[in-house]
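# Structural characterization, general
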Amino acid sequence: DQQVKQNSPSLSVQEGRISILNCDYTNSMFDYFLWYKKYPAEGPTFLISISSIKDKNEDGRFTVFLNKSAKHLSLHIVPSQPGDSAVYFCAAAAMNRDDKIIFGKGTRLHILP
Amino acid sequence: GAGVSQSPSNKVTEKGKDVELRCDPISGHTALYWYRQSLGQGLEFLIYFQGNSAPDKSGLPSDRFSAERTGGSVSTLTIQRTQQEDSAVYLCASLFTGTYEQYFGPGTRLTVT
């Protein structure tokens, strides 16, 4: 049973436009969410996170939105740049249970010139 | 400072042989995860060590897989009687207990022939 779902395996976006990556979760105990970026032959690197007490967190070109009622979060990248081409993983944890972090399957983002 | 390191970076082994994969976490990090990423798949949770607590082994796919963490630092993932379906990139991540931003190593690519 997949608790964190990234339903789009890949996404192509024109350079300079907005990239929107989506993630859904099923476990209502999750209260902390993270996005990671992964280049080939490297480990994932942390990008941005959000606690369930917020509905938005922004860091430069990256913004994460959380809709708790829909159990949905999204990562917005604007403007998209060539170096943003990578696989993006959504992850979730239940801080109140100090439980393990669960990852989605990832979305491969291609930034087109 | 030094990040998470993993060794070997690549391992080719014959079906039926045992392999050991090593992870050196960031000094002071009290929690450590093992994941694997099979071709075209996401990050599959394997095992989670947190401080002195009993590890969460719920992700280990079979009893051929085991892991230990000695002295709360270095961890070794052992796969006995390897099978071709064990071929994957095995990733280790560490973090401070109570935080959720994981620091990943570069991974070990295991190929079982």
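The structure reproduced in this document is the subject of the present report. (Residues numbered from 1 in each chain as written. Chains lettered and ligands numbered in written order. Predicted model: local features only at pLDDT ≥ 70, side-chain atom pairs only at ≥ 80, totals over all residues. Heavy atoms only, no water.)

Tallied over the full model, the rule gives eight salt bridges over all chains. D56 of chain B serves as the salt-bridge partner of K100 of chain A, at 3.2 Å between the closest nitrogen and oxygen. Taken as a pair, K100 of chain A in the loop between β9 (86-93) and β10 (102-103) and D56 of chain B in the loop between β5 (44-50) and β6 (65-69) lie in two separate chains rather than in one. Accessibility assignment for this pair places K100 of chain A and D56 of chain B in one class, buried. A salt bridge links E44 of chain B to R36 of chain B, with the shortest nitrogen-to-oxygen separation between them at 2.8 Å. For E44 of chain B, a relative accessible area of 30% translates into the label partly exposed. Take R36 of chain B: its relative accessible area is 10%, and that puts it in the buried class. Residues joined by salt bridges that share partners form a network here, namely K37, R61 and D84 of chain A. (Salt bridge = Lys/Arg side-chain N within 4 Å of Asp/Glu carboxyl O. Helix = DSSP H or I, 4+ residues; strand = E, 2+ residues; numbered from the N terminus. Buried < 20%, exposed > 50% of the residue type's maximum accessible area, 1.4 Å probe, protein only.)

Here we take up the packing of aromatic side chains. Under the definition given, this model contains 14 aromatic pairs over all chains. Ring centres of F103 of chain A and Y35 of chain B lie 5.1 Å apart, and the angle between their planes is 80 degrees; on these two criteria the pair is classed as edge-to-face. Residue F103 of chain A is found in strand β10, and its partner Y35 of chain B is found in strand β4 (residues 31-37); the two belong to separate chains. Looking at F103 of chain A, the relative accessible area reads 6%, which means it is buried. Judged by relative accessible area, Y35 of chain B falls into the buried class, the value being 0%. Taken together, a centroid distance of 6.3 Å and an interplanar angle of 75 degrees make the contact between Y35 of chain B and F45 of chain B edge-to-face. Taken as a pair, Y35 of chain B in strand β4 and F45 of chain B in strand β5 lie far apart in primary sequence, ten residues in all. (Phe/Tyr/Trp six-rings, centres within 6.5 Å; stacked < 30°, edge-to-face > 60°.)

Time to look at the interface of chain B and chain A. Facing 19 residues of chain B, the contacting portion of chain A comprises 21 residues. Carbon and sulfur atoms make up 57% of the surface buried where chain B meets chain A, a total of about 1600 Å² over both sides. Three residues, L43, Y100 and E101 of chain B, lead the burial of chain B against chain A; their summed loss comes to 40% of the area buried on that side. Run the count over chain B and chain A and you get one salt bridge. Along the contact surface separating chain B from chain A lie nine residue pairs in polar contact (both at pLDDT 80 or more). Elements that contribute at least two residues to the side of chain B that touches chain A include exactly β4, β5 and β8 (88-95) of chain B. A per-class count over the side of chain B that touches chain A returns ten nonpolar, seven polar and two charged. (Contact = heavy atoms within 4.5 Å. Buried area = accessible area lost by both parts, 1.4 Å probe. Polar contact = N/O pair within 3.5 Å; in protein donor to acceptor, adjacent residues only side chain to side chain. Nonpolar A, V, L, I, M, F, W, Y, C, P; charged D, E, K, R; others polar.)

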